[in-house]
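# Analysis of the macromolecular model
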Amino acid sequence: EAQVTQNPRYLITVTGKKLTVTCSQNMNHEYMSWYRQDPGLGLRQIYYSMNVEVTDKGDVPEGYKVSRKEKRNFPLILESPSPNQTSLYFCATRNTGFYGYTFGSGTRLTVV
Amino acid sequence: SQQGEEDPQALSIQEGENATMNCSYKTSINNLQWYRQNSGRGLVHLILIRSNEREKHSGRLRVTLDTSKKSSSLLITASRAADTASYFCATDATAGGTSYGKLTFGQGTILTVHP
């Protein structure tokens, strides 16, 4: 079954404790990206990747890192999380060409 | 910044009625997409319309695109209670006709369909 898998689904952590949210896809898609969704602000892109070893900043990259060492994985790293990074995070992928994105189920992160 | 702006922000209708949502955007696009999100869950891709297309259908969905006005509309016909969700438009920006791979979302329309 074609899918985008995010882990964990829920995470509560403390300020400053490094964490990684994983994203894996089994569709051999070229594009992968990360979004955060906040009430009143909608979905905002954090980082995106057009292929292996190619990443670029989205609209709100501060405080986040990503890597794309292999096509199927695109982890989101918070080196020193802060409370303003409390949000609902989504990973999304798509193939080259005119296709829509496939989204993961989301990771609800709370930083206290 | 938000590229797409949806209108209305919330829409409440009865089952069987049609629902129309509008979206405006600001920059040149490669394509425009519509997504549905059930409360707190992942987004589901509904339909994509390319910048050189004016109208597209998929089941009960009809999407129009007017690039001169930088606007799009999503029509859901014969709505059902199961259509209750948030609907987002998203634009895929372009440079010389090639997608950046960067999708920018609007704020969304909350649709409630009453049985």
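To keep things clear, this report deals only with the structure shown in the data block.

What chain B contains, in helices and strands, is zero helices and 11 strands. Put simply, chain B has 115 residues, and 49% of those count as buried. In chain B, once contacts between residues fewer than 6 apart in sequence are set aside, the share between residues at least 24 apart is 57%. For chain B, the computed accessible surface area is about 5,300 Å², with 46% contributed by carbon and sulfur atoms.

Time to look at the layout of surface pockets. Roughly 160 Å³ of internal volume is contained in the largest pocket. In terms of lining, the largest pocket is formed by A:Gln37, A:Asp38, A:Pro39, A:Gly40, A:Gly42, B:Gln37, B:Gly40, B:Phe88 and B:Gln107. Looking at the lining of the largest pocket residue by residue, the classes come out as two nonpolar, six polar and one charged.

What follows concerns the interface of chain B and chain A. Accessible area lost upon the coming together of the parts serves often as the stated size of an interface. Taken residue by residue, the interface counts 23 residues in chain B and 24 residues in chain A. Around 1,800 Å² of area is buried between chain B and chain A when both sides are counted, 52% of it from carbon and sulfur atoms. Inspection of the chain B/chain A interface yields one salt bridge. With its nearest N and O atoms 3.6 Å apart, the salt bridge here joins B:Asp92 to A:Arg94. Here chain B is connected to chain A by four residue pairs in polar contact (both at pLDDT 80 or more). For the side of chain B that touches chain A, the elements supplying multiple residues, two or more each, are β4 (29-37), β5 (43-50), β9 (85-95) and β10 (98-105) of chain B. When residues of the side of chain B that touches chain A are assigned to their parent elements, the largest contribution, six residues, is made by β10(B). For the side of chain B that touches chain A, the class distribution of residues is seven nonpolar, 12 polar and four charged.

Residue and element names in this part refer to chain B. Here Arg 60 is to be found in the loop between β6 (55-58) and β7 (61-66). It is 5.3 Å that separates the C-alpha atoms of Arg 60 and Thr 77, two residues lying 17 residues apart in sequence. In this structure the side chain of Arg 60 is engaged in a polar contact, spanning 3.3 Å, whose partner is the backbone oxygen of Ala 78. Polar side-chain contacts of Arg 60 include one of 2.9 Å to the side chain of Asp 83.

Now for the pairing of strand β2 (residues 10-14) of chain B. Residue and element names in this part refer to chain B. Taking every second residue as pointing to the same face, the buried face of β2 carries Leu 11 and Ile 13, while none of Ala 10, Ser 12 and Gln 14 on the other face is buried. In this structure, β2 lies alongside strand β11 (residues 109-114), joined through five bridges in parallel fashion. Along β11, the bridge assignment pairs Ile 13 with Val 113.

Residues and elements named next belong to chain B. Read across the sheet, five strands follow the order β1-β3-β8-β7-β6 without closing on themselves; strand pairing throughout is antiparallel. Where the open sheet ends on each side, the last strands, each with one partner, are β1 (5-7) and β6. The average angle at which neighbouring strand axes cross in this sheet is 15 degrees, direction not considered. Here β1 pairs with strand β3 (residues 19-24) via three bridges, running antiparallel. Following the sheet pairing, Asp 7 is matched in β3 by Asn 22.

Right, let's talk about the state of the cysteines for a bit. Counted under the stated rule, the structure contains two disulfides over all chains. Note that A:Cys23 is cross-linked by a disulfide to A:Cys91, the S-S spacing being 1.9 Å. Taking the sign of the S-S torsion, -70 degrees for the link of A:Cys23 and A:Cys91, the bridge is left-handed. One end of the pair, A:Cys23, is in strand β3 (residues 19-25); the other, A:Cys91, is in strand β9 (residues 87-94), with 68 residues separating them in the sequence. Residue A:Cys23 is classed as buried on the basis of its relative accessible area, which comes to 2%. Between the sulfur atoms of B:Cys23 and its disulfide mate B:Cys89 the distance is 2.0 Å.

Conventions we followed
Numbering of residues starts from 1 in each chain and follows the order in which that chain's sequence is written. Following the order in which they are written, the chains are lettered starting with A and the ligands numbered starting with 1. At least 70 in pLDDT is required for a residue's local features to be given in this predicted model, at least 80 for side-chain atom pairs to be given and counted, and no such filter applies to totals for whole chains, interfaces and linings, which use all residues. Heavy atoms throughout the structure, all of them, feed into the side-chain values; hydrogens and water do not. Counting from the N terminus, the helices are the DSSP runs of H or I reaching at least four residues and the strands are the DSSP runs of E reaching at least two. Burial here depends on accessible area, computed with a 1.4 Å probe over protein chains only, as a share of the maximum for the residue type. Under 20% is buried, over 50% is exposed, and the range in between is partly exposed. Contact definition: two residues touch when any of their heavy atoms are within 4.5 Å. Using a 1.4 Å probe, the Shrake-Rupley method yields the accessible areas, and only the shown protein chains count as cover for residues. Only protein atoms enter the 1 Å grid used here. Points where a 1.4 Å probe fits but cannot escape make up a cavity, open sets with protein on both sides within 12 Å along at least five of seven lines make up a pocket, and a residue lines them when an atom lies within 4 Å of a point. Grid points are joined across faces, edges and corners, and a volume is the space filled by probe spheres set on the points. In this classification, the charged set is Asp, Glu, Lys and Arg, the nonpolar set is Ala, Val, Leu, Ile, Met, Phe, Trp, Tyr, Cys and Pro, and all remaining amino acids, among them Gly, are polar. By buried area we mean the combined loss of accessible area, with a 1.4 Å probe, across both parts when two parts are placed together. For this document, the term salt bridge refers to a Lys or Arg side-chain nitrogen within 4 Å of an Asp or Glu carboxyl oxygen. Side-chain atoms alone can form a polar contact between residues adjacent in sequence; in general such a contact is a pair of N or O atoms within 3.5 Å, and within protein one must be able to donate a hydrogen while the other accepts it. Pairing between strands is defined by DSSP: at least two bridges between them are needed. Comment: axis = line fitted to C-alpha atoms, over the contacting stretch for helices; angle = value between 0 and 180 degrees taken between N-to-C directions. In this description, a disulfide is simply a cysteine sulfur pair whose atoms lie within 2.5 Å.

Honestly, it's all geometry; don't read function into it.
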